[in-house]
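# Working through the structure, step by step
Take a look at the letters that make up each chain.
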Amino acid sequence: MTAGTGPAAAAALRALHHDRRPGDPLILPTVWDAAGARVFADAGFPALATPSAGIAASLGYPDGETPADEMFAAIARIVRAVDVPVTADVEAGYGLSATELVGRLADAGAVGCNLEDSDHASGALRNPREQAEWLAEVRAAAGDALVVNARVDTFLRGDTGIAAAVERARRYAEAGADCIYPILAPPALLPELAAAIALPLNAMARSDGPSPRELGALGAARITFGGGLQSAATEALARVAQRLREGN
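Residues numbered from 1 in each chain as written. Predicted model: local features only at pLDDT ≥ 70, side-chain atom pairs only at ≥ 80, totals over all residues. Heavy atoms only, no water.

## A look at the overall build of the chain
Put simply, the rule is: Secondary structure elements are defined from DSSP: runs of H or I of at least 4 residues count as helices, runs of E of at least 2 residues count as strands, and each element is numbered from the N terminus. We compute the radius of gyration over the C-alpha atoms and compare it with the globule rule, which gives 2.2 Å times the number of residues raised to the power 0.38. Each residue is assigned to one of three classes by its accessible area relative to the maximum for its type, calculated with a 1.4 Å probe on protein chains only: buried under 20%, partly exposed between the two thresholds, exposed over 50%. Note on contacts: a residue pair is in contact if any heavy atoms of the two residues lie within 4.5 Å. The accessible surface values rely on the Shrake-Rupley method and a 1.4 Å probe; as for residues, cover is taken only from the protein chains in view. In this count, Lys and Arg are taken as positive residues and Asp and Glu as negative ones, while His and the chain termini are left out. Charged groups are reduced to one reference atom each: NZ for lysine, CZ for arginine, CG for aspartic acid, CD for glutamic acid.
Looking only at helices and strands, the chain has ten helices and eight strands in total. A compact globule built from 248 residues would reach a C-alpha radius of gyration of about 18 Å, and the chain, at 17 Å, matches this within 12%. In terms of overall dimensions, the chain has a C-alpha envelope of 60 × 40 × 40 Å along the principal axes. Taken over 248 residues, the chain has a buried fraction of 46%. Taking the contacts inside the chain whose residues are at least 6 apart along the sequence as the reference set, 64% of them involve residues at least 24 apart. Accessible area of the chain: about 11100 Å², with a carbon and sulfur share of 54%. In the chain, 21 side chains carry a positive charge and 30 a negative one; their mean positions are 4 Å apart.

This is the structure we're talking about:
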């Protein structure tokens, strides 16, 4: 077991979410392979996250189509490469029971997870009561050994108001979530969302949007990047390939 796994690592990751000063959020680089994970850990980041989209791309799958076994294997390789806590994006749970999902995450060494409340294939939002019940089962199976980041997909699915997002977030908080992730929430709404949700708020930094620190000043306690870092790395590699193709 590395220093980044086990209940103590989960407690350390959970603690990193709290008592954040405005403009000083927890920045979790989203890493898709072991080499990239080492780069960010060596740079001094206290924890890392995995992106389902980035891992899917690295394995040659469209986002949302990575087989569960391959996703967990990729997470395990990342965890094995570093000595900091890793939280994993496991999409909607791959149809696993709460006990199975918690067991697979523990086997991979992840001490946190993202769980989304809509379906990649259909785009349909899950019933919030049913999602909350499932999150409660995950919490019961994991105890304190897993930091649960409950993703709220209302903005992703076209609902531009905050009422539905807040209603879902409150249910998920009551179910035992540690953090709420209203993915693609407009930055201007972050102060209102943070005031209405009594848990740390996760925001996604995008290349065309506010910086991580600016998002922190707006109310986000935790910043992730989705598949953005993997996309940026791929674009950089494409420029290298073009230079080589041109003989430079």
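## Things to note about the packing of helix α2 (residues 34-42) against helix α4 (residues 68-81)
As a reminder of what qualifies: Fitted lines through C-alpha atoms give the axes, limited to the stretch in contact for helices. The angle between two N-to-C directions lies from 0 to 180 degrees. Crossing handedness: left-handed means the near helix sits turned counterclockwise from the far one by under a right angle, and right-handed means the same turn made clockwise.
Interhelical geometry of α2 versus α4 gives an angle of 35° and a closest axis separation of 8 Å. As for the relative orientation of α2 and α4, their crossing is right-handed in sense. For the pair α2 and α4, contact is made by Ala34, Ala37 and Arg38 and by Arg77, Ile78 and Ala81, respectively.

## Things to note about the environment of Val31
Examined against the element boundaries, Val31 turns out to sit in the loop between β1 (26-27) and α2. Sequence separation of Val31 and Gly227 is 196 residues, and the distance between their C-alpha atoms is 8.6 Å. Setting aside chain neighbours within four positions, we find Val31 in contact with Gly36, Ala37, Phe40, Leu48, Ala49, Thr50, Pro51 and Ile78.

## Some remarks on the nonpolar core
Heads up, the rule is: In this text, buried Ala, Val, Leu, Ile, Met, Phe, Trp, Tyr and Cys residues form a nonpolar core when linked through side-chain atoms within 4.5 Å.
Ranked by size, the top nonpolar core spans 57 residues in total, and within it Ile75 and Leu193 carry the most contacts. Among the elements that line this core, the one with the most residues is α4, at seven residues. Apart from the residues lying within four places of it in its own chain, the contact partners of Leu193 are Phe155, Ile162, Ala165, Val166, Pro182, Ala185 and Leu201. Within the second largest apolar cluster, nine residues are counted, among which are Leu13, Ala47, Ala49 and Val111.

## Comments concerning helix α5 (residues 98-108)
Convention followed: Throughout, the arc means the angular range of directions from the helix axis out to the C-beta atoms.
If you check which residues of α5 are buried, you get Ala98, Leu101, Val102, Leu105 and Ala108. All buried residues of α5 fall inside an arc of 125° around its axis, so they share one side. Exposed and facing more than 90 degrees away from the buried side of α5 are Thr99, Ala106 and Asp107. Tucked inside the fold, the buried residues of α5 contact α4, β3 (86-89), β4 (112-115) and α6 (128-142). Gly109 sits one or two residues past α5 and shows a positive phi near 90°.

## Let's talk about α2
Regarding α2, the residues found buried are Gly36, Ala37 and Ala41. The arc that holds every buried residue of α2, seen down its axis, measures 135°, which confines them to one face. Facing away from the buried side of α2 by more than 90 degrees, the exposed set consists of Val39 and Asp42. At its buried positions, α2 is contacted by β2 (48-50) and α4. Directly beyond the C-terminal end of α2, a positive phi value near 105° is found at Gly44.

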